Amino acid sequence: MALGVYVHIPYCVKKCPYCDFNSYGVGKRIPEEEYTEAVLKELDFYRGSIEKRPLSSIFFGGGTPSLFSSESIGKIIDKIEGITFPLDSLEVSLEVNPKTADLEKLKSFREVGVNRISVGVQSFSERKLKILGRINLPDDSRRVLEEISRAGFVNFNLDLMYGVSFETLDEWRLDLEKALEFNTNHISAYCLTIEDDTEFGTLYSQNKLPLPDEDLLTDMITFTSEFLERAGYTQYEISNFAKPGFECRHNLLYWRGENYLGLGAGAHSHLPLNDDLSWGMRFSNLKNPALYMKTVKQGKKPLAFTEFLNKQEALEDRVLMGLRLREGINILNLEERFGIRPSTNRLGILINDGFINISDDFLQLSKKGILVSDELILKVLDSFAFE
Ligand code: SF4
């Protein structure tokens, strides 16, 4: 089974008020050299587990990886590639904040092996960007998107966000229309979610953050999917749309329950154990970057949490992630691995009411099902009962 490597860069210029990622607003005070050394050293701890394994993707996420220089990013890519067995189709993605990259920098990322860029545009509306507390303005996004093409990238994604205070369907439509002008092959469209430990979480709990109602959000979701499909994109995951062949390989690893190693502060991993009878292990790193670096320097794995999965947990992971995909879950693979099929009796009503489809040995959510995916996923999970 192919492997992906995720590298977390936890630094941002400024923390956005809605963000609950492991990211820290540090202005220009970025300990780039020290952090890069820590990631390189951490990689050595896993040499035995990943040596010569086929490598399908590397993903630099954050935080804001584009704050780092191409020298640092290149050193990490070289070391990962030197240990593993990179496939010819290797995808190397890097997240870019429009305010933190220019043509020269983008070219230099390409020279060190990055071949896919994901741009955190979020919106082309100045009003929305202001509410979201973003450092980028619409002009920054327009500039960087043009420069990405000029730097020679054909594979790039635009992240967009809807569901912001006082947003209308028209404002969201303009974002989508604008996005299409840049000939991107991939668009991620996320609904703003309110997380507890954020500034937005506090405002929301004090009733100070008005949000679009459920009906409008449902209209936005339906509109997005119809609009982008008309423009030639396939909704291959609940929030992700791609032209054929441009689906994000790295994210597909997560959704298909495959293996990945996470490096850097707070990064998560999912790796098999050496014993074939085991169901794999998950672990995550210390979130605090300073503590992460200190622990690695002391020659210790910077682990915060380790879990050995049992059969039920491994199955739950597969179903939870797999149902996010348009292709759904491969029932035959599941049967081979877990010796279990979903009970069509238990799923009968959901099939009859058009929420899920079972076709060609795949179980998938329908368009109607995607609108209530959270509830459905739990019901589908219930239909897998071990003898
Ligand atoms: S730039 Fe991205 S990672 Fe950084 S704080 Fe904003 S949303 Fe979070």
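Per chain, the residues get numbers from 1 upward, laid out in the order the sequence is written. Reporting of local features is limited, given that this is a predicted model, to residues whose pLDDT is at least 70; pairs of side-chain atoms are given and counted only at 80 or more, and all residues count toward the totals for whole chains, interfaces and linings.

## What to know about the overall build of the protein
Moving on, step 1. Numbering goes from the N terminus for both helices and strands, where a helix is a DSSP run of H or I of at least four residues and a strand is a run of E of at least two. Helix and strand counts for the protein stand at 16 helices and 17 strands.
Moving on, step 2. Here the radius of gyration uses the C-alpha set of atoms, whereas the globule reference equals 2.2 Å times the residue count to the power 0.38. Taking 387 residues into account, the globule formula puts the C-alpha radius of gyration at 21 Å, and the protein, at 21 Å, falls close to it.
Moving on, step 3. Seen along its three principal axes, the alpha-carbon backbone of the protein occupies a region of about 60 × 55 × 45 Å.
Moving on, step 4. For the protein, with 387 residues in total, the buried portion stands at 39%.
Moving on, step 5. Any pair of residues counts as being in contact when their C-beta atoms, constructed from backbone geometry, are within 7 Å of one another. Restricting to contacts in the protein with at least 6 residues of sequence separation, those with at least 24 account for 71%. With C-beta atoms placed from the backbone, a residue is labelled by how many other C-beta atoms lie within 10 Å of its own: buried for 20 or more, exposed for 12 or fewer, partly exposed between the two.

## Considerations on the environment of serine 108
Moving on, step 1. As for its position among the elements, serine 108 is in helix H4 (residues 103-111).
Moving on, step 2. Using a count of 17 C-beta atoms within 10 Å as the deciding quantity, one classes serine 108 as partly exposed.
Moving on, step 3. A C-alpha to C-alpha distance of 10.0 Å links serine 108 and isoleucine 73, two positions 35 residues apart in sequence.

## Considering the nonpolar core
Moving on, step 1. One nonpolar core equals one set of buried Ala, Val, Leu, Ile, Met, Phe, Trp, Tyr and Cys residues connected by C-beta atoms within 7 Å. Among the nonpolar cores identified, the biggest contains 71 residues, and Val5, Val7, Ile73, Ile80, Val119, Ile148 and Leu160 are the most heavily contacted of them.
Moving on, step 2. Sequence-distant contacts of valine 119, defined by excluding residues within four places in its chain, comprise Val96, Pro98, Ser141, Val144, Leu145, Ile148, Phe156, Asn157, Leu158 and Asp159.
Moving on, step 3. Within the second largest apolar cluster, 14 residues are counted, among which are Val319, Leu323, Leu365 and Val380.

## Observations regarding unusual backbone geometry
Moving on, step 1. Across the junction of glycine 62 and glycine 63, the peptide omega takes the value 20 degrees, indicating a cis bond.
Moving on, step 2. Position of glycine 63 among the secondary structure elements: in the loop between strand E4 (54-62) and helix H3 (70-83).
Moving on, step 3. At glutamine 122, a position not held by glycine, the phi torsion is positive, near 70 degrees.
Moving on, step 4. Topologically, glutamine 122 is positioned in strand E6 (residues 116-122).
Moving on, step 5. With 25 C-beta atoms counted inside 10 Å, the residue glutamine 122 sits in the buried group.
Moving on, step 6. Unlike most non-glycine residues, asparagine 207 shows phi in positive territory, near 60 degrees.
Moving on, step 7. Position of asparagine 207 relative to the elements: it lies in the loop between helix H8 (199-205) and helix H9 (214-230).
Moving on, step 8. Take asparagine 207: there are 7 C-beta atoms within 10 Å of it, and that puts it in the exposed class.

## Focus: H9
Moving on, step 1. A helix is expected to span 1.5 Å for every residue after the first. Under the 1.5 Å per step criterion, the end-to-end length of H9 is 24 Å for 17 residues, consistent within 8% with the ideal 24 Å.
Moving on, step 2. Downstream of H9 by a residue or two, glycine 232 has a phi angle that is positive, lying close to 100 degrees.

## A word on the site of the ligand
Moving on, step 1. Any residue whose C-beta atom, as set from the backbone, lies within 6 Å of a molecule or strand is reported as near that molecule or strand. Residues in close proximity to the ligand include Cys12, Lys15, Cys16, Cys19, Phe21, Ser23, Gly62, Gly63, Thr64, Asn97 and Gly120, which together make up its full environment.
Moving on, step 2. Residues were grouped as follows: Ala, Val, Leu, Ile, Met, Phe, Trp, Tyr, Cys and Pro as nonpolar; Asp, Glu, Lys and Arg as charged; and all remaining residues, including Gly, as polar. For the shell around the ligand, the class distribution of residues is four nonpolar, six polar and one charged.

## Re the sheet that holds strand E17 (residues 362-365)
Moving on, step 1. Strand order across the open sheet formed by three strands is E15-E17-E16, with antiparallel pairing between neighbours. Pairing within the sheet leaves two strands with one partner each, and these edge strands are strand E15 (329-330) and strand E16 (356-359).
Moving on, step 2. Note on pairing: DSSP must find at least two bridges between two strands before they are called paired. Examined bridge by bridge, E15 and E17 share two bridges and lie antiparallel to one another. Bridged to asparagine 330 within E17 is phenylalanine 362.

## Digging into the environment of isoleucine 83
Moving on, step 1. Tracing the backbone through its elements, the reader meets isoleucine 83 in helix H3.
Moving on, step 2. Judged by the 20 C-beta atoms lying within 10 Å of it, isoleucine 83 is buried.
Moving on, step 3. Through-space distance from the C-alpha of isoleucine 83 to that of lysine 52 is 6.2 Å; in sequence the pair is 31 residues apart.

## Digging into helix H7 (residues 169-180)
Moving on, step 1. Taking 1.5 Å of rise per residue, twelve residues should cover 16 Å, and H7 covers 17 Å from first to last C-alpha, within 8% of that figure.
Moving on, step 2. Among the residues of H7, Trp172, Asp175, Leu176 and Ala179 are the ones counted as buried. Burial along H7 is one-sided: seen end-on, the buried residues are contained in an arc of 90 degrees. For H7, exposure combined with an orientation more than 90 degrees from the buried face picks out Asp170 and Glu177. Here the arc refers to the directions that run from the helix axis out to each C-beta atom.

## Comments concerning the domain arrangement of the protein
Moving on, step 1. Boundaries of every domain are those given by an automatic assignment or by a domain database. Domain boundaries assigned for the protein yield domain 1 (3-253) and domain 2 (323-382).
Moving on, step 2. For domain 1 versus domain 2, the separation of C-alpha centres amounts to 29 Å.
Moving on, step 3. Taken together, the eight residues of domain 1 in the interface contact seven residues of domain 2.
Moving on, step 4. Secondary structure elements with two or more residues in the side of domain 1 that touches domain 2: H9 and strand E9 (234-237).
Moving on, step 5. With four residues, E9 is the single largest residue contributor to the side of domain 1 that touches domain 2.
Moving on, step 6. Here the residues of the side of domain 1 that touches domain 2 sort into three nonpolar, four polar and one charged.

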